[in-house]
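# Chain and residue survey
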Amino acid sequence: MDAKIVLLPGDGIGPEIIDEGERVLIAVAERFGHQFEFQRCPKGGNAIDSHGTPLPDETLEACRAADAILLGAVGGPKWDDPNAKTRPEAGLLALRKELQLFANLRPIKPHRQLIDASPLKREILEGTDILFLRELTGGIYFGGSGVKEHPSGEEAYSIMTYNTEEVARIVRLAAKSAQLRRNKVTSVDKANVLEVSRLWRRVAAQVMAEEFPDVEYEVVLVDAMAMHLISRPRDFDVVVTGNMFGDILTDEGSMLPGSLGMLPSASLGVSGPGLYEPIHGSAPDIAGKGLANPLATILAAGMALQHSLGLSDEAAAIDAAVESVLEAGHRTADIAAGGEAISTAEMGDLVVAALQP
Ligand code: IPM
Ligand code: MG
């Protein structure tokens, strides 16, 4: 297969982890006989410096023409001024919106070898395997906002909206994903307070009843979900929710496997390329030191092979290579629990070596 893969290294540790993701993809291409063409583009804070915008037009065009996009991380203290004209995060939101990446898949499955790195007890964690589906192009992130005068100073507002189609398509994807897993969907909302959640709940119930009567379905309020996620995580299979609730719950969920450095995510659209990234940030404090864990990016590259290129065996080979490296006891600092730690590039070397036939 020939595929075009756009790399958006971004800021902080982004470039060093993307290097390892690229090397692993090259190793996969060699082993399985594919041709991957890579193109690196500016995005985030570095693009603000070089182009005055976090998402330059050339980058957006390259992304549109790609089969898959692998992103490192964006942002850092240099671009954090809340009064700045633009911010690295704005480029990420624009990319999601422009490519209509409405579905954000965030799998949370603690690696067996790392269970003791989790802040949760082993007996609570064992057996946890959750797929979060976060709606990514609607809700309060995109409902419009403003600031107006107020007798006390100012008043600001951000509006949360969802329409029937936006809810239906993400719930549909959740149900289809569940059919390939343990056949259960949990929809999370705040229908006891928010009108927008009541619409969400009505539409979700209708889609599930009419199109997926055989998939087990439940609704949970978001505040309760925050609790259940750490008290009985293994009860959940696919969890579907809106943009902001998903943002918060997936950060909470990311603590289950012990390190943010292990978690990949995929953002998928109606058609066109998917965007794949580690869920951690740009970690500017350790940038350039070779300390970062590249595994989330490597696993994200695996998700790209599976979801955008349809290469399931190749994706499984990456997962297996990562498992075997962990099984052999190799750890970057974030998962070493004080023990001996290897560097970003050494971890990449080991995964590449494990991919050799
Ligand atoms: C995420 C991040 C982003 C979000 C930020 C960086 C805009 O927190 O991908 O979860 O809020 O969506
Ligand atoms: Mg977030």
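About the criteria used
Residues numbered from 1 in each chain as written. Chains lettered and ligands numbered in written order. Predicted model: local features only at pLDDT ≥ 70, side-chain atom pairs only at ≥ 80, totals over all residues. Heavy atoms only, no water. Near = heavy atom within 4 Å. Polar contact = N/O pair within 3.5 Å; in protein donor to acceptor, adjacent residues only side chain to side chain. Areas by Shrake-Rupley, 256 points an atom, 1.4 Å probe, with all protein chains shown as cover. Nonpolar A, V, L, I, M, F, W, Y, C, P; charged D, E, K, R; others polar. Domains from an automatic or database assignment. Pairing = 2+ DSSP bridges. Helix = DSSP H or I, 4+ residues; strand = E, 2+ residues; numbered from the N terminus. Axes fitted to C-alpha atoms, helices over the stretch in contact; angles between N-to-C directions. Contact = heavy atoms within 4.5 Å. Buried area = accessible area lost by both parts, 1.4 Å probe. Parallel < 35°, antiparallel > 145°, perpendicular 65-115°, else oblique. Left-handed = near helix turned anticlockwise from the far one by under 90°. Core = buried A, V, L, I, M, F, W, Y, C linked by side-chain atoms within 4.5 Å. Buried < 20%, exposed > 50% of the residue type's maximum accessible area, 1.4 Å probe, protein only. Salt bridge = Lys/Arg side-chain N within 4 Å of Asp/Glu carboxyl O.

Here we take up the site of ligand 1. Around ligand 1, the structure places Glu89, Arg96, Arg106, Arg134, Tyr141 and Asp247. One of the side-chain N or O atoms of Tyr141 is found 2.6 Å from an oxygen atom in ligand 1. Between Asp247 and ligand 1, the recorded distance is 2.9 Å, taken from a side-chain N or O atom to an oxygen atom. Protein coverage of the free-state accessible area of ligand 1, which is 320 Å², stands at 73%. Within the shell around ligand 1, the residues separate by chemical class into one nonpolar, no polar and five charged. The two domains that each donate at least three residues to the shell around ligand 1 are domain 1 (1-114 + 257-357) and domain 2 (119-255).

On the basis of which strands lie adjacent, the open sheet formed by ten strands has the order E2-E1-E3-E12-E11-E4-E5-E10-E8-E9 and mixed pairing. Pairing within the sheet leaves two strands with one partner each, and these edge strands are strand E2 (35-40) and strand E9 (216-221). On average, each strand axis in the sheet is inclined to that of its neighbour by 20 degrees, with strand direction left out of account. The pairing of strand E1 (residues 2-10) with E2 spans six bridges and is classified as parallel.

For the protein, the assigned domains are domain 1 (1-114 + 257-357) and domain 2 (119-255). Taken together, the 22 residues of domain 1 in the interface contact 21 residues of domain 2. Here domain 1 meets domain 2 over a buried area of about 2,100 Å², counting both sides, of which 64% is carbon and sulfur. Taken as a group, Phe102, Arg106 and Ile108 account for 34% of the area that domain 1 buries against domain 2, more than any other trio of residues on that side.

Okay, the packing of helix H1 (residues 14-32) against helix H11 (residues 312-327) next. Contact pair H1 / H11: the axes reach a minimum separation of 11 Å and the direction vectors enclose 125 degrees. Overall, the two elements H1 and H11 adopt an arrangement that is oblique. At the point where H1 passes H11, the crossing takes the right-handed sense. Facing Val24, Val28, Arg31 and Phe32 of H1, the residues of H11 in contact are Asp313, Glu314, Ala317 and Ile318. Its residues placed into classes, the contact of H1 with H11 shows five nonpolar, no polar and three charged.

All right, on to the nonpolar core then. Counting 65 residues, the largest nonpolar core has Phe36, Tyr276 and Leu305 as its most contacted members. Viewed by domain, this core spans two of them, domain 1 (1-114 + 257-357) and domain 2 (119-255), each represented by three or more residues. Not counting the four nearest positions on each side in its chain, Phe36 is found in contact with Ala3, Ile5, Leu25, Ala29, Leu305, Leu309 and Leu311.

This part covers the pattern of salt bridges. With the rule as written, the count across this model stands at 24 salt bridges. Across the pair Glu89 and Arg87 runs a salt bridge, and its minimum N-O distance is 3.5 Å. We note a salt bridge from Arg232 to Asp235, for which the minimum N-O separation is 3.0 Å. Via salt bridges that share partners, Asp129, Arg181, Arg182 and Asp237 belong to a single interconnected network.

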